[in-house]
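Each chain, written out:
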Amino acid sequence: MTDELEPVGDHTKVRRKIDNTLARFAAAHEELAAEEAKRQERRERFIARPVALIEQTRTRLQRVVAPVKSDGDDEKAAPQTRLQEKKQRRSDRSIRITRIACAVLAGLIFLATGALWGTKTWFNSKFTEIAALDENSSDIQNAAGQTGDENFLIVGSDTRAGATAEENVGDADTVGGARSDTIMLAHVPADRKRAVIVSFPRDLEISRPACERYDAAAGTYSSEIVAAATKVKLNTAYAVGGPKCLTKWVQQLTGLRVNHFVGIDFGGFKEMVDAVHGVTVHVDSPIRDTTLGMVIAETGDVTISGDQALSFVRARHVVGDPTSDYGRIKRQQQFLTALLQKAMSQGVITDPTQLTNFVTAFARATFGDNIGVDQMLTLAQSMKGLDTSKLKFLTVPTVGEPNTRGNEVLLETKSKELFQAMIDNTPLPGTPEYEAAKAAASATQTQPPSSSKSSKSSSSTSSDS
């Protein structure tokens, strides 16, 4: 070290510079050492937590596998023979194995539950949400009585975006916009003892309510209100007002509370069907469409996939169909049932690749409100698990012939009876149970009360006397 009192020369200046540098290095070293000590302390605390947890788990597992016996137990234990000791060792070994198996099983169940929860969360995140529902609408009848009921409004939106020339259906330039070419209302009551799927013709003549303007490309609504209109086709409700407008009209007509909206782009049907390796439909006679050509040449049970499946649900100019809508409605109902049954089959559910591909394809082609794995499983299980007597496919009652405007005319009285039976969960019109209940109610109304007869009898007796 230099002396501050000695004469300052060049040599002294150099020595002082070196001293200052060494002092800075020493201070920096001390700071680094202090930081390293803090880091080490944090590492030790971080490591101590899992180590303590592992030690606690190990100790608990040891207690489960080999419980510690108290001294009092040893003192009370009587001397055993070799055979008794051998049996005791076998018994102890069996108990340890059972406890180990239970501990392992509990761990596996915990892991499986976590994996299923994570998978379901991932699947649910794939669905595209679009506002559609109004569960507090004043149009809902007996809302309290509908608690627990599940009503799915299913719409097949047949856009031409991405359509290929081979599909022979046009493209987005020639056939613009999005249309509700398929409209189904699936009703599953709270007791889950039946399922009713009602289809609506796209050319049904309706009085459309006032609705917000809908942008199908963006999936959003604007502040513009489209005025109400009378004597227009049903598919205009979705075209101008989207899911909200269609849901509003359905609730006004039916009185049912729509609590799930499922929109499916028909273009995505191909991927869904291919993901489950095709679906099987029953064909009584070859299906030939004057626009699409030959759709299915075979008869009987036929497995279809890809473009063929898409043509099967799109075809509306099939030779032999009573009307363009009713033939297609029947095929779409058959196809939807076959697709959901195949998706719920053992082969798909137990195959992770097929299941993931199907859900991914379904989510890519699907949009809606309040839909997810749980909701779709409810619908699929209802359509798969019920026998044909409990699963009803219907079409809303109409005259059956188009009017001068080319629209189907609704039979209002019969429609009201149908939807009231769905709300009340009573026998559907046209079924033997419905006719029997109707006859019983009619007989009760026409039969005079017994009390009235007695009263009249006593009155006449009094008069005679």
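Criteria and cut-off values
- Residues numbered from 1 in each chain as written.
- Predicted model: local features only at pLDDT ≥ 70, side-chain atom pairs only at ≥ 80, totals over all residues.
- Heavy atoms only, no water.
- pLDDT = per-residue confidence, 0-100.
- Contact = heavy atoms within 4.5 Å.
- Salt bridge = Lys/Arg side-chain N within 4 Å of Asp/Glu carboxyl O.
- Helix = DSSP H or I, 4+ residues; strand = E, 2+ residues; numbered from the N terminus.
- Buried < 20%, exposed > 50% of the residue type's maximum accessible area, 1.4 Å probe, protein only.
- Pairing = 2+ DSSP bridges.
- Expected span 1.5 Å × (residues − 1).
- Polar contact = N/O pair within 3.5 Å; in protein donor to acceptor, adjacent residues only side chain to side chain.
- Disulfide = S-S within 2.5 Å.
- Core = buried A, V, L, I, M, F, W, Y, C linked by side-chain atoms within 4.5 Å.

## Details of the confidence of the model for the chain
Residue-level pLDDT values for the chain average 78, and 72% of them are 70 or greater. Every residue in residues 64-68 scores below 50 in pLDDT, and together they form 6 contacts with partners more than four places removed in sequence or on other chains. Note that residues 160-177 has pLDDT below 50 and, in this model, 21 contacts with residues that lie over four places away or in other chains.

## Let's talk about the pattern of salt bridges
One side chain can pair with another of opposite charge once the charged atoms of both are near each other. The final tally for this structure, using the stated rule, is 10 salt bridges. As a salt-bridge pair, Asp203 and Lys233 come within 3.8 Å of each other at their nearest N and O atoms. One end of the pair, Asp203, is in the loop between β4 (195-200) and β5 (205-208); the other, Lys233, is in strand β8 (residues 229-233), with 30 residues separating them in the sequence. Overall, Asp203 belongs to the buried group, its relative accessible area being 13%. On the basis of relative accessible area, Lys233 is assigned to the partly exposed category, the value being 25%. The salt bridge partner of Lys270 is Asp307, with a shortest N-O separation of 3.2 Å. Here Lys270, found in helix α5 (residues 269-275), pairs with Asp307, found in helix α6 (residues 306-314); they are 37 residues apart in sequence, far enough to count as distant. Using a relative accessible area of 38% as the deciding quantity, one classes Asp307 as partly exposed. Shared partners join several salt bridges into a network, and the residues in it are Arg202, Asp203, Lys233 and Arg316.

## Overview of the pairing of strand β6 (residues 211-215)
With 4 bridges connecting them, β6 and strand β7 (residues 220-226) associate as antiparallel partners. Across the sheet, Asp215 pairs through a bridge with Thr220, a residue of β7. Following β6, the chain reverses through 4 residues before pairing antiparallel with β7; Gly219 in that reversal takes a positive phi of roughly 70°.

## Topic: helix α9 (residues 352-365)
Note that an α-helix has 3.6 residues per turn; residues three or four places apart therefore point the same way. Its 14 residues give α9 an end-to-end C-alpha distance of 20 Å, which sits within 8% of 20 Å, the value for a rise of 1.5 Å per residue. Within α9 the residues assigned to the buried category are Gln354, Phe358, Val359, Ala361, Phe362, Ala363 and Ala365. The distance from a side-chain oxygen at the start of α9 to the backbone nitrogen of Thr353 is 3.0 Å, and the residue carrying that oxygen is Asp351.

## Some points on unusual backbone geometry
With the exception of glycine, the majority of residues adopt a negative phi angle, and the majority of peptide bonds are in the trans configuration. The phi dihedral of Arg192 falls on the positive side, at around 60°, and the residue is not glycine. Position of Arg192 relative to the elements: it lies in the loop between β3 (180-188) and β4. For Asn425, which is not a glycine, the phi torsion comes out positive at approximately 55°. For Asn425, the position within the fold is in the loop between α11 (412-424) and α12 (432-446).

## Structural notes on the state of the cysteines
The tally for this structure, following the rule as stated, stands at 1 disulfide. Here Cys211 engages in a disulfide with Cys245; their sulfurs sit 2.1 Å apart. Taking the torsion about the S-S bond as the criterion, the Cys211 to Cys245 disulfide, at about 65°, is right-handed. Of the two residues, Cys211 sits in strand β6 while Cys245 sits in helix α4 (residues 235-254), which places them 34 residues apart along the sequence. The buried category is assigned to Cys211, whose relative accessible area is 6%.

## Concerning the nonpolar core
Membership of the largest hydrophobic core comes to 50 residues, with the highest contact counts inside it found for Ile154, Met272, Ile296, Ile304, Phe312, Phe335 and Phe358. Beyond its immediate stretch of four places on either side in the chain, Phe312 contacts Val281, Ile287, Val295, Ile296, Ile304, Arg331, Gln334 and Phe335.

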